[in-house]
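Below are the chains, spelled out letter by letter.
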Amino acid sequence: MKKASIKSEDYQKYYRQLILKKIGILGQKKIFRAKVLVIGAGGLGCPLILYLAYSGIGNLGIADHDKIELSNLSRQVLFTKKDIGKYKISVSKKVVKRINKKINVKVFKNKVDKKNIEKIAKNYQIICDGTDNFKSRFLINDYCMKNKKILIASAINKFDGQLFVFDFRKKTPCFRCFMPEAPNQELNCESDGIMTTLAGIAGSLQANEVIKSILNVKNYMKGNIMIFNALNSNFRKVKLLKNPNCKNSHLHG
């Protein structure tokens, strides 16, 4: 491993990643070149953004239309009380730049919808879904599937979390195979509550899957759902099967 093949400062900063055989200098360079979009800078997005920034992601997009509220501060770890009333994307970008000014950060102050998702997501190969509603999840899932993106999504409620990894460059089931239609009653943190640490666990798991996807290491999550509970510390993988009645069945292969 030659120090000359990577800048001295970066070599020292990421040394503990570089000495891992599955990463090394070549892997770290892949991380530097990666283009990742995070949709939703909330309970999931904050730890996700934080660990992507510390890992050395070179190009990071952040899409969110909300402003910071007092109730966000118990779990949205990029923000403090002085940030209340500011846009989440503005504060998120400043935090990322403080961590690493070299990261190319692009922010989108929009609620992602059918009209703008192509413009927002087209330049990113890995899309991270940190939204909190089924309408957005279905939209992001369908876009990523149609455009052969990698989708890393998580959902949290009360003490329970779910993690999904879809590599739509290959034939694979999708989120609609798991959840064909939105439930009659929307589940979200505002109405049901959320354990603070659960958001951190789920967002960190998403960041971990992003790095694995960039490095193209064998991924045991593909085709599976990770289901976990913050109270009993139970983690289990469930095989996700293609649903013949899925709206996207023509794309499954």
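Going by the structure above, here's the rest.
None of these values were measured; they are calculated from a predicted model.

1. Side note on the packing of helix H4 (residues 45-55) against helix H10 (residues 196-215)
Then, in step 1: Packing of H4 against H10 brings their axes to within 7 Å, and their N-to-C directions diverge by 40°. Here H4 lies oblique to H10, going by the angle between them. Read as a crossing pair, H4 and H10 show a hand that is right-handed. Contacts between H4 and H10 involve Pro47, Leu48, Tyr51, Leu52 and Ser55 on the former and, on the latter, Ala199, Gly200, Gly203, Ser204, Gln206, Ala207, Val210 and Ile211.
Then, in step 2: Per-class residue counts for the contact of H4 with H10 are 8 nonpolar, 5 polar and no charged.

2. Focus: the environment of glutamate 69
Then, in step 1: You can see glutamate 69 is positioned in the loop between strand S2 (59-63) and helix H5 (88-99).
Then, in step 2: On the accessibility criterion, glutamate 69 (47% relative accessible area) is partly exposed.
Then, in step 3: Spatially, the C-alpha atoms of glutamate 69 and asparagine 248 are 37 Å apart, while their sequence positions differ by 179 residues.

3. Description of the side chain of asparagine 116
Then, in step 1: As for its placement among the helices and strands, asparagine 116 is situated in the loop between strand S3 (104-108) and helix H6 (117-121).
Then, in step 2: Looking at asparagine 116, its side chain comes within polar contact range of the main-chain nitrogen of aspartate 113, at 2.8 Å.
Then, in step 3: With residues up to four places along the chain from it excluded, the contact list for asparagine 116 reads Asn110 and Lys111.

4. Focus: the sheet that holds strand S4 (residues 126-129)
Then, in step 1: If you trace the 8 strands from one edge of the open sheet to the other, you get S3-S2-S1-S4-S5-S6-S7-S8, paired in mixed fashion. Because the sheet does not close on itself, it has two edges, and the strands there are S3 and strand S8 (234-239). In this sheet, adjacent strand axes meet at a mean angle of 15° when their direction is disregarded.
Then, in step 2: Here 5 bridges tie strand S6 (residues 160-167) to strand S7 (residues 224-229), and the two strands are oriented antiparallel to one another. The residue of S7 that forms the bridge with glutamine 162 is isoleucine 227.
Then, in step 3: Packed on one face of the sheet, H5 meets S2 and S3 and runs near 175° to S3.
Then, in step 4: The strands that H10 touches are strand S1 (35-39), S4, strand S5 (150-157), S6, S7 and S8; relative to S5, the one it contacts most, it runs at about 170°.

What counts and how
Residues numbered from 1 in each chain as written. Predicted model: local features only at pLDDT ≥ 70, side-chain atom pairs only at ≥ 80, totals over all residues. Heavy atoms only, no water. Axes fitted to C-alpha atoms, helices over the stretch in contact; angles between N-to-C directions. Helix = DSSP H or I, 4+ residues; strand = E, 2+ residues; numbered from the N terminus. Parallel < 35°, antiparallel > 145°, perpendicular 65-115°, else oblique. Left-handed = near helix turned anticlockwise from the far one by under 90°. Contact = heavy atoms within 4.5 Å. Nonpolar A, V, L, I, M, F, W, Y, C, P; charged D, E, K, R; others polar. Buried < 20%, exposed > 50% of the residue type's maximum accessible area, 1.4 Å probe, protein only. Polar contact = N/O pair within 3.5 Å; in protein donor to acceptor, adjacent residues only side chain to side chain. Pairing = 2+ DSSP bridges.

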